[in-house]
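Breakdown of the fold
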Amino acid sequence: MNKPLLAALSSLALAGLGAAPAVAAPHAAKPAAVTVSYAGTVALSNCSGSVIRFPGSADTDPALVLTNGHCLETGFPSPGEVITGQSSSRSFGLLNASGSRVATLRANQVVYSTMTDTDVTIYRLTTTYAQIKSAYGISPLTVNDTHPAAGTAIKVVSGYWKRTYSCSVDGFVYRLKEGGWTWKDSVRYTSACDTIGGTSGSPVIDTNTGKVVAVNNTGNEDGERCTENNPCEVDESGNVTVRQGINYAEEIYQIPACFTTGNKLDLSAAGCTLPKP
């Protein structure tokens, strides 16, 4: 995993920033890239994250923060474990566009957390989107509810390090295995996104839409096979591929279907495919 900060302090080599532009369709105008900044990202005590909303969220809903399952303050969820409705008082440093910390936000609940099939934690805050916007002029990032596409130009925006990585979606991994955990249909980056510990939980932003298409979570550090911090790719036939130095994210397009009016989690909702407790 792109470890929480604890194991990352020796990994500060700077990365080059390069993005492969999406290829425009013949005779079609190329979409204008949006400006991606730190606004709406957050710094956790050991990870990165972002204030998110879904397409159906209302301004008056309690705001949500997205990070990794392995960033949960009570420790890594076990393989097969799904946590919902757990009390939390975790705090988050809210960043503005330039990366300055402008506020401390606080959670009152872990709405959902798992490291099974995906690697996500979603916190509910004590403030609404409207209150955050009114007080600090910052809007949440919107989660895209469709599957990301290969070749998409992306930025991985780390609120912890105040650092942005630019690259493209290289492709998708049928199964990504790391230690005892298995993730499905993971996003593989091109090599320019050489993320490090502390970037865990960073939003992966489509530079054409400004929407969050995945959550940054891991990379193969040492070339080992399927061990912690050294995930391996497994295809549908069971063939294993190790890509040292390549990093990955987990898709989140399936999450909005599991939330109803008021940003309430409903794992029984039609179309919700997230793992259940």
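Residues numbered from 1 in each chain as written. Predicted model: local features only at pLDDT ≥ 70, side-chain atom pairs only at ≥ 80, totals over all residues. Heavy atoms only, no water.

**Let's talk about the pairing of strand 2 (residues 48-53)**
Among the 6 residues that make up strand 2, 6 are buried, leaving the element largely enclosed by the rest of the structure. With burial as the criterion, each face of strand 2 is covered, one bearing Ser-48, Ser-50 and Ile-52 and the other bearing Gly-49, Val-51 and Arg-53. Where strand 1 (residues 41-43) hands over to strand 2, the hairpin turn is made up of 4 residues, counted between the paired strands. Examined bridge by bridge, strand 2 and strand 3 (residues 62-67) share 3 bridges and lie antiparallel to one another. Bridging across to strand 3, Ile-52 finds its partner in Leu-64. Here strand 2 pairs with strand 8 (residues 141-142) via 2 bridges, running parallel. Paired with Ile-52 across the strands is Leu-141, a residue of strand 8. (Buried < 20%, exposed > 50% of the residue type's maximum accessible area, 1.4 Å probe, protein only. Helix = DSSP H or I, 4+ residues; strand = E, 2+ residues; numbered from the N terminus. Pairing = 2+ DSSP bridges.)

**A word on the state of the cysteines**
Taken as a whole and assessed by the stated rule, the structure comprises 4 disulfides. There is a disulfide in this structure between Cys-167 and Cys-193, and the S-S distance comes to 2.1 Å. Between Cys-167 and Cys-193 the disulfide shows an S-S torsion of about -100°. By sign, it is left-handed. Highlighted residues: Cys-167 in strand 10 (residues 163-178) and Cys-193 in the loop between strand 11 (181-189) and strand 12 (203-206), separated in sequence by 26 residues. Its relative accessible area of 0% is what places Cys-167 among the buried residues. (Disulfide = S-S within 2.5 Å.)

**Thoughts on empty space enclosed by the protein**
In the structure shown here, the tally under the stated rule is 1 cavity of 30 Å³ or more. Estimated volume of the largest cavity: approximately 40 Å³. If you go around the largest cavity, the residues you meet are Gly-40, Val-51, Leu-94, Tyr-129, Ile-132, Ile-138, Ser-139 and Pro-140. Across the lining of the largest cavity, the residue classes break down as 6 nonpolar, 2 polar and no charged. (1 Å grid on protein atoms, 1.4 Å probe; cavity = no way out; pocket = protein on both sides within 12 Å on 5 of 7 lines; lining within 4 Å. Points joined across faces, edges and corners; volume = space filled by probe spheres on them. Nonpolar A, V, L, I, M, F, W, Y, C, P; charged D, E, K, R; others polar.)

**Thoughts on the packing of aromatic side chains**
Enumeration over the complete set of coordinates arrives at 4 aromatic pairs. For the ring pair Phe-54 and Phe-259, a centre distance of 4.8 Å and an interplane angle of 40° mean the geometry is tilted. Remark: Phe-259 occurs in strand 17 (residues 259-260) and Phe-54 occurs in the loop between strand 2 and strand 3; sequence separation between them is 205 residues. Take Phe-54: its relative accessible area is 4%, and that puts it in the buried class. Lying across the ring of Tyr-129, Arg-53 places its NZ or CZ 5.3 Å from the centre. (Phe/Tyr/Trp six-rings, centres within 6.5 Å; stacked < 30°, edge-to-face > 60°. Lys NZ or Arg CZ within 6 Å of the ring centre and 35° of its normal.)

**Observations concerning the environment of Thr-67**
Relative to the assigned elements, Thr-67 resides in strand 3. C-alpha separation for the pair Thr-67 and Cys-47, spaced 20 residues apart in sequence, amounts to 7.7 Å. In contact with Thr-67, not counting residues within four places along its chain, are Leu-44, Cys-47, Ser-48, Gly-49, Asp-119, Val-120, Thr-121, Tyr-123, Ser-200, Gly-201 and Val-215. A polar contact of 2.7 Å, which involves the side chain of Thr-67, links it to the backbone oxygen of Ser-48. (Contact = heavy atoms within 4.5 Å. Polar contact = N/O pair within 3.5 Å; in protein donor to acceptor, adjacent residues only side chain to side chain.)

**As for the layout of surface pockets**
By rolling a water-sized probe across the atoms, one finds the places where empty space is left. One number sums up the size of the second largest pocket: a volume of about 180 Å³. At the level of elements, strand 11 and strand 16 (247-251) are the ones that each hand at least two residues to the lining of the second largest pocket. Considering only residue class, the lining of the second largest pocket consists of 3 nonpolar, 3 polar and 5 charged.

**Quick notes on the pattern of salt bridges**
By the definition in use, this model includes 6 salt bridges. Salt-bridge contacts for Asp-59 lead to Arg-53; the nearest nitrogen and oxygen are separated by 2.9 Å. The exposure class assigned to Asp-59 is partly exposed, which follows from its relative accessible area of 46%. The partner of Asp-170 in a salt bridge is Arg-188, with the nearest N and O atoms 2.8 Å apart. Here Arg-188 lies in strand 11 and Asp-170 lies in strand 10, a separation of 18 residues in the sequence. The exposure class assigned to Asp-170 is partly exposed, which follows from its relative accessible area of 39%. On the accessibility criterion, Arg-188 (11% relative accessible area) is buried. Shared partners join several salt bridges into a network, and the residues in it are Asp-170, Arg-188, Glu-233 and Arg-243. (Salt bridge = Lys/Arg side-chain N within 4 Å of Asp/Glu carboxyl O.)

Purely geometric stuff here, so don't read any function into it on its own.
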